[in-house]
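# Architecture and fold: a report
Listed below, chain by chain, are the residues.
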Amino acid sequence: MPRIIKSGLIQMSLPMTEGEGSIEEIKEAMVQKHIPLIEEAGRQGVQILCLQEIFNTPYFCPGQDKAWYASAEAVPGPTTERMAEYAKKYNMVMIVPVYERESAGFLYNTAAVIDADGTYLGKYRKNHIPHTTGFWEKFFFKPGNLGYPVFQTKYAKVGVYICYDRHFPDGARILGLNGAEIVYNPSATVAGLSQYLWKLEQPAHAAANGYFMGCINRVGEEKPWDLGRFYGTSYFVDPRGQIIAQADEYKDELLIAEFDLDMIDEVRNTWQFFRDRRPETYEKLVEL
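Treat the numbers as computed from the prediction; the structure is a model and nothing was measured.

On to the overall build of the protein. For the protein, the count of helices and strands is seven helices and 16 strands. Since a compact globule built from 288 residues should have a radius of gyration of about 19 Å, the 18 Å found for the protein is in line with a globular shape. Projected onto its principal axes, the C-alpha positions of the protein cover 55 × 50 × 35 Å. The buried share among the 288 residues of the protein stands at 56%. Considering only intrachain contacts with a sequence separation of at least 6, the fraction spanning at least 24 residues in the protein is 69%.

Take a look at the structure:
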């Protein structure tokens, strides 16, 4: 029987920003704005839903304000527990990206994976942390230290790669080697320098590794940082590298697509990505 999956991505603009409320009020406003689309995903029978990078805050990294350290929380913790209620209610796997506080001074850009019965399965911590004009992420995040885990959910084997990670093919390959069938990339990316890469790199990862990807980007402009316009255009791409569904560039949206995981076998039986690897020939090429 075909293994048909219905998956959803939510791209969202900011309803309340710095100066318009406390950090907790800003976070709560963002959660409240998401809830109707989370509920709509559940009503439409979405089986796996992914939210955008640090979904419940602004993308505060264009600044270097320590106040935003206070927005970090435990994972699992209050937000993941809250989202687990929706996962259980709708029998829906959820990928929930948040700002994680492990302990004092140990802060990560993290995505929790919650199974369809509300069980917390684990988390991925963003491994590649940019520190360049407008993206002062090393001020806020330690590099991930959990490797490239793949989570066996009720519906599929799921991996996560976060935003800037997508510029590095190495982790994308490891996720495939670890058994990922769908890799989700929650992001916060603005128009400009890397926009052309948005529809280049992730289809390339999907095609090179023979898996599906769900790629999420927020929308709108966020004051007072003025980094630029987050251009949305969230999409799903299949193991042949073909974009099969795409969201709008400007508006909040729940993007839903159905696809057959059996395509992975079909593609990998044609192109033997993993059988024909020659790792023994790679080891001596690079001195670390």
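Further remarks concern the layout of surface pockets. Of the volumes computed, that of the largest pocket is approximately 330 Å³. As for the largest pocket, its lining consists of 17 residues, and the residues nearest its centre are Phe135, Tyr164, His167, Leu193 and Ser194. Residues that form the lining of the largest pocket fall into these classes: eight nonpolar, six polar and three charged. What lines the second largest pocket is Pro169, Asp170, Arg173, His205, Ala208, Asn209, Arg277, Pro279 and Tyr282. Every element with two or more residues in the lining of the second largest pocket is listed here: helix 3 (169-177), helix 5 (201-209) and helix 7 (279-282).

A word on the environment of Arg277. Residue position: Arg277 is located in the loop between helix 6 (262-270) and helix 7. Using a relative accessible area of 24% as the deciding quantity, one classes Arg277 as partly exposed. Not counting chain neighbours up to four residues away, the residues in contact with Arg277 comprise Arg173, Leu177 and Tyr282.

The next subject is the UniProt feature "domain: CN hydrolase" (unreviewed entry) in the protein. Taken from the UniProt record, the annotation "domain: CN hydrolase" (unreviewed entry) applies to residues 5-261. Secondary structure across residues 5-261 comprises 22% helix and 31% strand; the distance between its end C-alpha atoms is 7 Å.

Our next topic: the packing of helix 1 (residues 23-43) against helix 2 (residues 78-90). Each packed pair of helices is defined by two parameters, the angle between the axes and the distance between the axes. The contact between helix 1 and helix 2 brings their axes to 10 Å, and the two run at 10°. Considered as vectors, helix 1 and helix 2 are oriented roughly parallel to each other. Contacts from Glu28, Val31, Gln32, Ile35, Ile38, Glu39, Gly42 and Arg43 in helix 1 reach Arg82, Met83, Tyr86, Lys89 and Tyr90 in helix 2. A breakdown of the residues in the contact of helix 1 with helix 2 according to their chemical character gives six nonpolar, two polar and five charged.

To continue, consider the environment of Gly8. Tracing the sequence through the fold places Gly8 in strand 1 (residues 4-11). Given the relative accessible area of 0%, Gly8 is considered buried. Along the primary structure Gly8 and Gln44 are separated by 36 residues, whereas in three dimensions their C-alpha atoms are 9.7 Å apart. Residues in contact with Gly8, not counting those within four places in the same chain, are Val46, Ile48, Leu49, Cys50, Phe236, Leu254, Leu255 and Ile256.

Definitions and cut-offs
Residues numbered from 1 in each chain as written. Predicted model: local features only at pLDDT ≥ 70, side-chain atom pairs only at ≥ 80, totals over all residues. Heavy atoms only, no water. Helix = DSSP H or I, 4+ residues; strand = E, 2+ residues; numbered from the N terminus. Rg over C-alpha atoms; globule rule 2.2 N^0.38 Å. Buried < 20%, exposed > 50% of the residue type's maximum accessible area, 1.4 Å probe, protein only. Contact = heavy atoms within 4.5 Å. 1 Å grid on protein atoms, 1.4 Å probe; cavity = no way out; pocket = protein on both sides within 12 Å on 5 of 7 lines; lining within 4 Å. Points joined across faces, edges and corners; volume = space filled by probe spheres on them. Nonpolar A, V, L, I, M, F, W, Y, C, P; charged D, E, K, R; others polar. UniProt positions renumbered as here; feature names shortened; annotations may be inferred. Axes fitted to C-alpha atoms, helices over the stretch in contact; angles between N-to-C directions. Parallel < 35°, antiparallel > 145°, perpendicular 65-115°, else oblique.

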